[in-house]
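One-letter residues, chain by chain:
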Amino acid sequence: MSILNVELDTRSYPIHIDQGLLTSSSLISQHIRGKRVCIVSNTVVQPLYLEQLKASLSDFDVDQVILPDGESEKSLSNFDTIMSHLLSGAHGRDTTLIALGGGVIGDITGFAAACYQRGIDFVQVPTTLLSQVDSSVGGKTAVNHPLGKNMIGAFYQPTSVFIDIDTLKTLPIREFNAGIAEVIKYGILGDYDFFVWLEENIDAIKANDPQVLSRMIERCCELKAQIVSEDEKEGGVRALLNLGHTFGHAIEAEQGYGKWLHGEAVATGMVLAAKLAVELNIIQTSDLRRIEALIGAFDLPLVAPADMGFEEFMRHMKRDKKNLAGKLRFIVPTKIGHSEIRDDITEEQLKNIL
Ligand code: NAD
Ligand code: GLY
């Protein structure tokens, strides 16, 4: 097993990565204070993993909230469902919430933990690749609003993260590939060697080689933990983790949440960010081609939806959370392995690539 640490002073926490974590009896229970646990999951993950997790928590008083599946369920209404469940079950401040599922469950459970009685412990047990390499680490929690994704939320760190790579065996291939988009993101934004390693291991990743998957997830978590430790609340370097997301969020919102998966939209968003960098003359076209080739190798989309042009992108990008003083901010790669934040992009430059 590999154990990494997110260093955040008194809120530091470990990330455990291994096969078989859900079935390895007492490990998760050792990281829970108090005697009560409420597991939050959804109707897809429940039949796959809820009983395994409960079996490893036999010393605790455990109940659960099972939400419907889907991005549209990351809602204030389901936040209220969790609150009502906790209140009607007389859960106190010593209850720990466990998020068992992908990023949707992780984000809403974390937000519920941040708010219930002004903050209770929560543990992340991410079961999608995307949540294992990104959303379960770093404490961004949120629900969506009809007017914007992740617009209501809090920075609130989990007390530990357990990544059981065996859960990837049941993940649909399209969801796996969407997670790979976030994996590739780390290579582009900050680790050239990792990008090369990914290029060299495409077949092993596609074959679900457990050693390769472990190493891949570990490197992503290392990079994310390092960035979050430096800049928990996104005052600076953490914004780099949004590479591809400015364009990506616009695609998700315009198409209707759930039509394009988050990772798919990020994949196209990263290609657009690299095209913007070519337009700015700060990256070589050969790097853009390598980025496109690696993303394309995992059957991820390389071009924006046909019905989206400059106007459609702008309508959504104007509401982006990274914007400061009314200026749009973009993360652009300057080479594979290095990116920077730019707030000087002109409408003309955007028109040229959109
Ligand atoms: P998701 O949670 O919707 O999961 C994808 C699908 O896989 C769902 O249908 C889910 O039920 C199913 N599933 C989950 N685990 C499974 C398994 N092991 N086997 C079979 N099916 C399984 O989506 P996601 O891609 O995990 O997460 C996307 C969400 O994460 C978005 O809401 C996004 O905004 C958020 N996000 C948050 C952060 C953050 O830092 N907090 C970062 C990136 C993304
Ligand atoms: N996924 C972006 C972040 O955690 O900051």
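The text that follows walks through the structure, step by step, so that each part is easy to find. (Residues numbered from 1 in each chain as written. Chains lettered and ligands numbered in written order. Predicted model: local features only at pLDDT ≥ 70, side-chain atom pairs only at ≥ 80, totals over all residues. Heavy atoms only, no water.)

On to the overall build of the protein, then. When you go through the protein residue by residue, the secondary structure sums to 13 helices and 11 strands. Here the C-alpha atoms of the protein give a radius of gyration of 20 Å, agreeing with the 20 Å that 2.2 N^0.38 yields for 354 residues. Projected onto the principal axes, the alpha-carbon positions of the protein cover approximately 60 × 40 × 35 Å. In the protein, which comprises 354 residues, the proportion classed as buried is 59%. When contacts within the protein are restricted to residue pairs at least 6 apart in sequence, long-range pairs at least 24 apart make up 74% of them. In the protein, 33 side chains carry a positive charge and 47 a negative one; their mean positions are 4 Å apart. (Helix = DSSP H or I, 4+ residues; strand = E, 2+ residues; numbered from the N terminus. Rg over C-alpha atoms; globule rule 2.2 N^0.38 Å. Buried < 20%, exposed > 50% of the residue type's maximum accessible area, 1.4 Å probe, protein only. Contact = heavy atoms within 4.5 Å. Lys, Arg positive; Asp, Glu negative; His and termini not counted. Charge placed at Lys NZ, Arg CZ, Asp CG, Glu CD.)

Okay, the side chain of Thr127 next. The residue Thr127 is located in the loop between strand S6 (122-126) and helix H4 (129-135) in this model. Given the relative accessible area of 5%, Thr127 is considered buried. Beyond its immediate chain neighbours, meaning those up to four positions away, Thr127 contacts Val45, Tyr49, Leu100, Gly101, Gly102, Gln132, Thr167, Leu168 and Leu171.

Here Thr128 lies in the loop between S6 and H4. By relative accessible area, Thr128 is classed as buried at 16%. Dropping the residues within four chain positions of it, Thr128 is found in contact with Gly101, Gly102, Gly103, Leu168 and Leu171.

This next bit is on the packing of aromatic side chains. For the coordinates displayed, the defined rule picks out 5 aromatic pairs. Centroid distance Phe122 to Tyr156: 6.2 Å. Interplanar angle 15 degrees. Geometry classified as stacked. Taken as a pair, Phe122 in strand S6 and Tyr156 in the loop between strand S8 (148-155) and strand S9 (160-164) lie far apart in primary sequence, 34 residues in all. The class for Tyr156 is partly exposed, based on a relative accessible area of 22%. Judged by centre distance (5.8 Å) and plane angle (15 degrees), the ring pair of Phe194 and Trp197 falls under stacked. Within this pair, Phe194 and its partner Trp197 are both found in helix H6 (residues 192-200), separated by 3 residues, close to a single helical turn. (Phe/Tyr/Trp six-rings, centres within 6.5 Å; stacked < 30°, edge-to-face > 60°.)

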